[in-house]
Amino acid sequence: MAQKASEQLVDVLIDWHIKHVYGLPGDSIDTTVDALRKKQDQIDFVQVRHEEVASLAAAAEAKLTGKLGVCLSIGGPGAIHMLNGLYDAKMDHVPVLALLGQVDTQFLNEAYFQEVNTPELFSDVAVYNKLITASDNLAEIVDEAIRTAYEKHGVAVLTLPDNLPEQKAASSYTSSANTFQLTAPQVDDERIKAAAKLIRESKKPLALVGLGAKNAGSQVGNFLKRNQIPFISTLPAKGIIGDSHPNSLGNVGKLGTKPAYEAMQNTDLLIMLGTNYPYKAYLPKPGTAKSLQVNLDPAAIGKRYPADVGLVADIKDVLHRLDLAETTVLHPDDSFLKACQENVANWNRWMAGKRELDTTPLAPEALFNEINETAPLNTIYSIDVGTATSWSARFLNVSPSQKFILSAYLGTMGCALPGAIAAKLNYPDRPVISVNGDGAFAMVMQDFITAVKYKLPLINIVLNNSKLAFIEYEQQAAGQLNYQIDLQDMDYAKFADAAGGVGITAKTPEEFNQALNRAYRVQNMPVLINAYVRDDAPLPGKIVGEEAKGYMKFGSQYLKEEKKIPELPPLKDIMRQFF
Ligand SMILES: Cc1ncc(C[n+]2csc(CCOP(=O)(O)OP(=O)(O)O)c2C)c(N)n1
Ligand SMILES: [Mg+2]
């Protein structure tokens, strides 16, 4: 018997091992929802309360698992709600499929109720973007959409007029799920030799490791150790090699460390592994360092810093061949590494004082330290945008056995809770901790109820400073007076209780520690810790250029803290001992 096109569509998703479809039903997508209902024993529909959460959760699922995330909504308003999470997927280069409803074909182009031209609206976000116009080839197009999302590491969007999936397809369809594979280009020996030469001839090599190294963490870690090369991690790549690796200098950039900033200023060879890190101000000054870059995307090579050798290749393969190209290590000299390590030791001593701050309201530094010290080794962190991002960059030591996700390049507030929902659904046995500011949480808080509905014991920590603290400091850095940054407080713990979860308020370090301890033991329901925190400035590793001028004007606390940094000896001075 011929199948309905919608049933074929769902079969294609099942073939690709899709476990979850995040969404909210409604009239223009209901025939697809009906097909999902029929296969609910093989694929879960995760009902959210706002479509933005569906797309953010789908993006997070892709970040966590490396597999396609899928989200679904009606056309018109529901589709528009999904844009944000789809941009998050696009900008963090993860595969997501969005199924958007549309008015029936007989009403198309009539400016009908909820008729939005989604193929046009989504044209910028999508790597594959089609309006379905027939039922016979729907399954084929879904299959191609998925292949393209994987191949281009991006978002595939299908707009489905709701009368089409309902119709019978002319013939059966066999998906390409079992035969699909991605292969990395091969690099010729000459280029590998050129890369080896660069490393051998450098005195102060430094690696910048990005998300492209995700599946090569231990290989990169071993290579850098053997060759005495210090490394810096981009924030989204945090934990891939592990913050406690002896060669780690922490994260780079505004949220990064002083040792990382200074190593960038002093290196003579920047080795960029799987990164397209955009903040040029935190890279070496052009002309001061050579650069070796490895990236699967040819367009990323030389984009941020001129490359002397560029390898469009898989990192594991390159490192393996670099090892083969040399019988001995390429870079046995540990002088630069030793200097950097001493710089890190000084920095860590300075930071240690902050980890122990015992204040009311809580110092976020101490709060993050408590999470760091108690979170099990398989914890998944989902971090929001705001000062939570800065504190996590500094005070969480993420290990390769943990996972760490955030909205890295879109930087959208409201990403942490959807990320935590996806994390708990995909890894039910692992602890999941999301940390968000009070502003960010309020953008998606309705979906705490989703975590209640699906009995997800995630731990959602609200950093409650009753303001948009990150913006407070941004305004100051720009030399502006603070305006419109205060947030009305509310009892988030009571909200969590009312939603059917567990709400706990914490105002002191002791209360927070107890709350967290209790939260680890809760089963079958989400916990919200409403943590009242000081609005401490997220301390700079180094303020660059224009920002410094802005702070001068404002004369803020932030600048006073920055002045303390020179108390730590600069890397240049430390280096004299080693060279
Ligand atoms: C959707 C969205 N809107 C606005 C911003 C700009 N923004 C970045 S951080 C921030 C403040 C975050 O406030 P909150 O969540 O309370 O965290 P805090 O910085 O106070 O810890 C804002 C408004 C953003 N990144 N995303
Ligand atoms: Mg806040």
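Definitions and limits used
- Residues numbered from 1 in each chain as written.
- Chains lettered and ligands numbered in written order.
- Predicted model: local features only at pLDDT ≥ 70, side-chain atom pairs only at ≥ 80, totals over all residues.
- Pairing = 2+ DSSP bridges.
- Helix = DSSP H or I, 4+ residues; strand = E, 2+ residues; numbered from the N terminus.
- Right-handed = clockwise from strand over helix to strand, strands pointing away.
- Contact = placed C-beta atoms within 7 Å.
- Near = placed C-beta within 6 Å.
- Nonpolar A, V, L, I, M, F, W, Y, C, P; charged D, E, K, R; others polar.
- Domains from an automatic or database assignment.
- Axes fitted to C-alpha atoms, helices over the stretch in contact; angles between N-to-C directions.
- Parallel < 35°, antiparallel > 145°, perpendicular 65-115°, else oblique.
- Left-handed = near helix turned anticlockwise from the far one by under 90°.
- Buried ≥ 20, exposed ≤ 12 C-beta atoms within 10 Å, placed from the backbone.

Undergrad: Any chance you could explain the pairing of strand S2 (residues 44-47) here in plain terms?
TA: As a general feature of sheets, a regular strand has side chains that alternate between the two faces. Both strand S1 (residues 20-23) and S2 contribute to a ladder of four bridges, which runs parallel. Bridge pairing in S2 links histidine 20 to aspartate 44. Each parallel crossover has a hand, and for S1 linked through helix H2 (residues 30-38) to S2 it is right-handed.

Undergrad: What is the right way to look at the environment of alanine 469 in this model?
TA: In this fold, alanine 469 is placed in helix H17 (residues 469-477). In sequence terms alanine 469 and isoleucine 449 are 20 residues apart; their C-alpha atoms lie 26 Å from each other. Those residues in contact with alanine 469, other than ones at most four positions away along the chain, are Gly386, Thr387, Gly437 and Asp535.

Undergrad: Whenever I open this one, the site of ligand 1 confuses me. Can you help?
TA: Inspection of the region around ligand 1 gives 18 residues, with Gly386, Gly437, Gly439, Ala469 and Phe470 positioned closest. Mapped onto the shell around ligand 1, the elements with two or more residues apiece are helix H13 (387-395), helix H15 (438-444) and H17. Across the shell around ligand 1, the residue classes tally to nine nonpolar, seven polar and two charged.

Undergrad: Would you mind showing me how to read the domain arrangement of the chain here?
TA: Interfaces are often described in size by the accessible area the parts lose on coming together. Looking at the chain, the domain boundaries give domain 1 (5-161), domain 2 (189-342) and domain 3 (356-532). Look at where the C-alpha atoms of domain 1 and domain 2 centre, and you get two points 38 Å apart.

Undergrad: Before we go on, may I ask you to explain the packing of helix H3 (residues 51-65) against helix H4 (residues 77-91) in this structure?
TA: Two quantities define a packed helix pair, namely the angle between the axes and the distance from one axis to the other. Running from N to C, H3 and H4 point in directions that differ by 25 degrees, and their axes come no closer than 7 Å. Between H3 and H4, the angle falls in the class roughly parallel. The chirality of how H3 crosses H4 is right-handed. Contacts from Glu51, Glu52, Ala54, Ser55, Leu56, Ala58, Ala59 and Ala62 in H3 reach Gly78, His81, Met82, Asn84, Gly85, Leu86, Asp88 and Ala89 in H4. Of the residues that constitute the contact of H3 with H4, the class distribution is eight nonpolar, five polar and three charged.

Undergrad: It is not clear to me how H13 should be interpreted in this structure. Could you clarify?
TA: It helps to recall that an α-helix has 3.6 residues per turn; residues three or four apart then point in one direction. With eight of nine residues buried, H13 is to be regarded as a mostly interior element. For H13, every residue scored as buried is listed here: Thr387, Ala388, Thr389, Ser390, Trp391, Ser392, Ala393 and Arg394.

Undergrad: How should the packing of helix H12 (residues 364-374) against helix H19 (residues 509-521) be read in this particular structure?
TA: Contact geometry for H12 and H19: axes closest at 10 Å, N-to-C directions at 35 degrees. Viewed along their axes, H12 and H19 form a crossing whose handedness is right-handed. For the pair H12 and H19, the contacting residues are Ala366, Leu367, Glu370, Ile371 and Thr374 in the first and Pro509, Phe512, Asn513 and Leu516 in the second. Broken down by class, the residue content of the contact of H12 with H19 amounts to six nonpolar, two polar and one charged.

Undergrad: How should I be thinking about helix H9 (residues 258-266) in this particular structure?
TA: Within H9, eight of the nine residues are buried, which leaves the element mostly enclosed by the surrounding structure. Those residues of H9 not exposed but buried are Lys258, Pro259, Ala260, Tyr261, Glu262, Ala263, Met264 and Asn266. Lining the buried residues of H9 we find strand S7 (205-209), strand S8 (231-233), strand S9 (248-251), helix H11 (335-355) and helix H22 (571-578).

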